[in-house]
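In case you want the letters, here they are:
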Amino acid sequence: MLFHNCPACDTGNLSRRSFMAGLGAAAAAVTLPVPAVHAQARTLIDTHHHFYPPNYLAMQKEYEGKRNIPAFPGVFDWTPARAIENMDKNGVRTAVISLASTPGLWFDAGADESIKIVRECHDFAAKMRGDYPGRIGIFAPLSMMNIDATLKEVEYAFDTIKADGINLQSNYGDKWLGDAAYKPVLAELNRRKAVIYVHPLVAACCGRLSVGTFPAAIEVPHDTTRTVTSLLLSGAFKSYPDIKWIFSHAGGTIPMMAGRLAAFYDNNPKFKETYPNGVAAEMAKLHYDTANATSVPAMSALLKLVPVSQVTYGTDWPYFPLDQNKDLQKLGLAAADIAAIENGNATQLIPRLKAA
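Residues numbered from 1 in each chain as written. Predicted model: local features only at pLDDT ≥ 70, side-chain atom pairs only at ≥ 80, totals over all residues. Heavy atoms only, no water.

Colleague: Can you break down the overall build of the protein residue by residue, with the values?
Modeller: Scanning the protein from N- to C-terminus turns up 13 helices and 10 strands. Looking at the protein as a whole, 53% of its 356 residues are labelled buried. Contacts spanning at least 24 positions in sequence make up 80% of the contacts within the protein whose residues lie at least 6 apart. Here the protein displays about 15,000 Å² of accessible surface, and carbon together with sulfur accounts for 55% of that area. (Helix = DSSP H or I, 4+ residues; strand = E, 2+ residues; numbered from the N terminus. Buried < 20%, exposed > 50% of the residue type's maximum accessible area, 1.4 Å probe, protein only. Contact = heavy atoms within 4.5 Å. Areas by Shrake-Rupley, 256 points an atom, 1.4 Å probe, with all protein chains shown as cover.)

Rendered as structure tokens:
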């Protein structure tokens with residue numbers, strides 16, 4: 001790696017084990033009420049849409065309370081029924097669900113607890129999909145702390161709950177996704193030709209870097225750039241060509257940084273041997289969602305870097321609204337290009353969604 005990890009900083013004295021008290025069985029026992037459906041034209045496929053199993057939500061609430069993080073509207077009163085109701089109101093046909101941002105699965109605990117959390121999330125997501133046929137897809141989270149256990153999570157995700165893809169965090173503590181520790185997991189996901197959706201977190205090193213805003217406002221998009229760069233410089237994009245990657249928030253700061261990375265590496269002989277077409281060509285192969293990035297400057301920068309075919313519609317709900325597609329009309333795109341972003345590109349990545 002041509003990129004060094006920064007040391008973890010103190011993120012609080014909260015033990016993850018305190019979160020696990022009461023973590024019980026789970027999702028199979030949860031009853032998900034099905035609301036009356038009010039028919040409305042539904043065409044959007046949202047590839048950046050969060051879900052919260054009850055015990056996970058309780059853990060997040062305690063985590064944020066210990067750190068005096070203000071509650072975000074719509075998170076702690078989240079329910080599957082409310083998610084579907086909001087999808088109906090905003091024309092979302094299918095939401096591919098995944099875990100949210102910080103802390104993700106990184107609750108300051110050990111591997112055993114992470115494995116329990118992951119299994120609960122998998123089972124809850126599968127039940128939610130079963131309760132709302134055609135409305136839910138699954139990006140299954142992985143713990144990544146114990147590689148053997150993580151490989152079993154991959155098997156369970158694809159072979160048991162039939163997930164549509166995998167949900168990874170941009171970092172796990174002090175490691176980004178290009179770290180050598182994750183090679184066995186990426187090799188298995190490459191073998192399965194998996195779709196991997198990556199959601200950024202505030203890195204352990206950087207939570208205290210503040211200019212007067214919440215760390216997530218700036219650090220979250222920066223961490224997408226960190227993990228993309230780590231994958232690039234470790235050679236992962238070359239080694240695992242059958243993985244289909246989706247990165248959040250229009251790639252974070254990648255559209256602005258790709259040229260700078262190219263200036264540093266495109267003429268490096270070793271880099272050219274791995275990526276003969278350079279940084280920009282590799283960035284153009286990846287996929288990016290539109291969540292909280294539909295402003296004209298952000299989307300213009302992204303679409304100068306990648307073709308429309310690499311962009312999927314995402315919202316980051318419940319943190320941001322489901323109707324961000326209205327901003328796509330301001331970009332001057334052809335109707336066919338807007339339709340591709342709103343649903344067509346997602347169905348190319350996940351063909352099962354065509355029949356949803």
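We are not done yet, so read on.
Colleague: Residues and numbers for the pattern of salt bridges, please.
Modeller: Applying the stated criterion to the full structure yields 14 salt bridges. Residue Lys89 is joined to Glu85 by a salt bridge in which the shortest nitrogen-to-oxygen separation is 3.3 Å. In this pair, Lys89 and Glu85 are both assigned in helix α3 (residues 80–89), 4 residues apart and thus about one turn of the helix distant. Take Glu85: its relative accessible area is 38%, and that puts it in the partly exposed class. (Salt bridge = Lys/Arg side-chain N within 4 Å of Asp/Glu carboxyl O.)

Colleague: A description of the nonpolar core should follow, citing residues and the corresponding values.
Modeller: Within the largest apolar cluster, 85 residues are counted, with the highest numbers of intra-cluster contacts made by Ile166, Leu189, Ile196, Phe237, Trp245, Phe247 and Met283. Of all the elements, helix α4 (residues 111–131) adds the most residues to this core, at 6 residues. Beyond its immediate sequence surroundings of up to four residues, Phe237 is in contact with Val228, Leu231, Leu232, Trp245, Phe247, Tyr275, Glu282, Met283 and Leu286. Core analysis: the next-biggest nonpolar cluster, separate from the first, contains 10 residues, Ile45, Phe139, Ile246 and Leu353 among them. (Core = buried A, V, L, I, M, F, W, Y, C linked by side-chain atoms within 4.5 Å.)

Colleague: Please set out the sheet that holds strand β9 (residues 287–289) residue by residue, giving values where relevant.
Modeller: In space, the 8 strands of this open sheet follow the order β1-β2-β3-β4-β7-β8-β9-β10, with parallel pairing throughout. Looking at the sheet topology across the chains shown, the edges are occupied by β1 (44–50) and β10 (311–312). Where strand β3 (residues 136–141) meets strand β4 (residues 165–169), 3 bridges bridge the pair, whose relative direction is parallel. Bridge pairing in β4 places Phe139 opposite Gly165. In this fold α3 packs onto β1, β2 (92–98) and β3, with an angle of close to 140° to the strand it touches most, β2. (Pairing = 2+ DSSP bridges. Axes fitted to C-alpha atoms, helices over the stretch in contact; angles between N-to-C directions.)

Colleague: Tell me about the environment of Ser234, and please be specific about residues and values.
Modeller: Relative to the helices and strands, Ser234 is located in the loop between α7 (215–233) and α8 (236–239). According to the relative accessible area criterion, Ser234 is partly exposed, its value standing at 29%. Expressed as a C-alpha distance, the spacing of Ser234 and Phe271, which sit 37 residues apart in the sequence, is 9.9 Å. At 2.9 Å, the side chain of Ser234 and the backbone oxygen of Ser230 are in polar contact. Of the polar contacts made by the side chain of Ser234, one reaches the backbone oxygen of Leu231; its length is 3.1 Å. (Polar contact = N/O pair within 3.5 Å; in protein donor to acceptor, adjacent residues only side chain to side chain.)

Colleague: Describe in detail the confidence of the model for the protein, supporting the description with residues and values.
Modeller: Overall, the prediction assigns the protein a mean pLDDT of 86, with 85% of residues at 70 or greater. Confidence drops under pLDDT 50 across residues 1–39; counting only partners more than four residues distant or on other chains, this segment forms 88 contacts. (pLDDT = per-residue confidence, 0-100.)

Colleague: Which residues make up the packing of aromatic side chains, and what values go with them?
Modeller: Under the defined criterion, the tally for this structure stands at 11 aromatic pairs. With 6.2 Å between their ring centres and 50° between their planes, Trp78 and Phe124 make a pair best called tilted. Of the two residues, Trp78 sits in the loop between α2 (54–66) and α3 while Phe124 sits in helix α4, which places them 46 residues apart along the sequence. Classification of Trp78 by relative accessible area gives buried; the value is 6%. We classify Phe124 as buried; its relative accessible area is 2%. With a centroid separation of 6.1 Å and an interplanar angle of 65°, the aromatic rings of Tyr172 and Tyr182 are classed as edge-to-face. Taken together, the residues span a long stretch of sequence, with Tyr172 in strand β5 (residues 171–172) and Tyr182 in the loop between β6 (175–176) and α6 (183–191) at a distance of 10 residues. Relative accessible area serves as the criterion here: at 3%, Tyr172 is assigned to the buried category. Of the residues examined, Tyr182 reaches a relative accessible area of 2% and is grouped as buried. An aromatic cluster is defined as three or more aromatic residues linked by ring pairs; in this entry it consists of Phe51, Tyr52, Trp78 and Phe124. Sitting over the face of the ring of Phe76, Lys61 holds its NZ or CZ atom 5.8 Å from the ring centroid. (Phe/Tyr/Trp six-rings, centres within 6.5 Å; stacked < 30°, edge-to-face > 60°. Lys NZ or Arg CZ within 6 Å of the ring centre and 35° of its normal.)

Colleague: Describe in detail the packing of helix α9 (residues 254–265) against helix α12 (residues 296–305), supporting the description with residues and values.
Modeller: As a packed pair, α9 and α12 sit with axes 8 Å apart at the nearest point and diverge in direction by 45°. As the angle between them shows, α9 and α12 are arranged oblique. Residues Ile254, Pro255 and Ala258 of α9 lie in contact with α12, whose contacting residues are Ala301, Leu302 and Leu305. Class assignment for the residues of the contact of α9 with α12 results in 6 nonpolar, no polar and no charged. (Parallel < 35°, antiparallel > 145°, perpendicular 65-115°, else oblique. Nonpolar A, V, L, I, M, F, W, Y, C, P; charged D, E, K, R; others polar.)

Colleague: Go over α6 with me, naming the residues and quoting the values.
Modeller: What α6 keeps buried is the set Val185, Leu186, Glu188, Leu189 and Asn190. Turning to α6, the residues buried within the fold contact α5 (147–160), β4, β7 (195–199), α7, α8 and β8 (244–247). A positive phi of about 50° marks Lys193, the residue just after α6.

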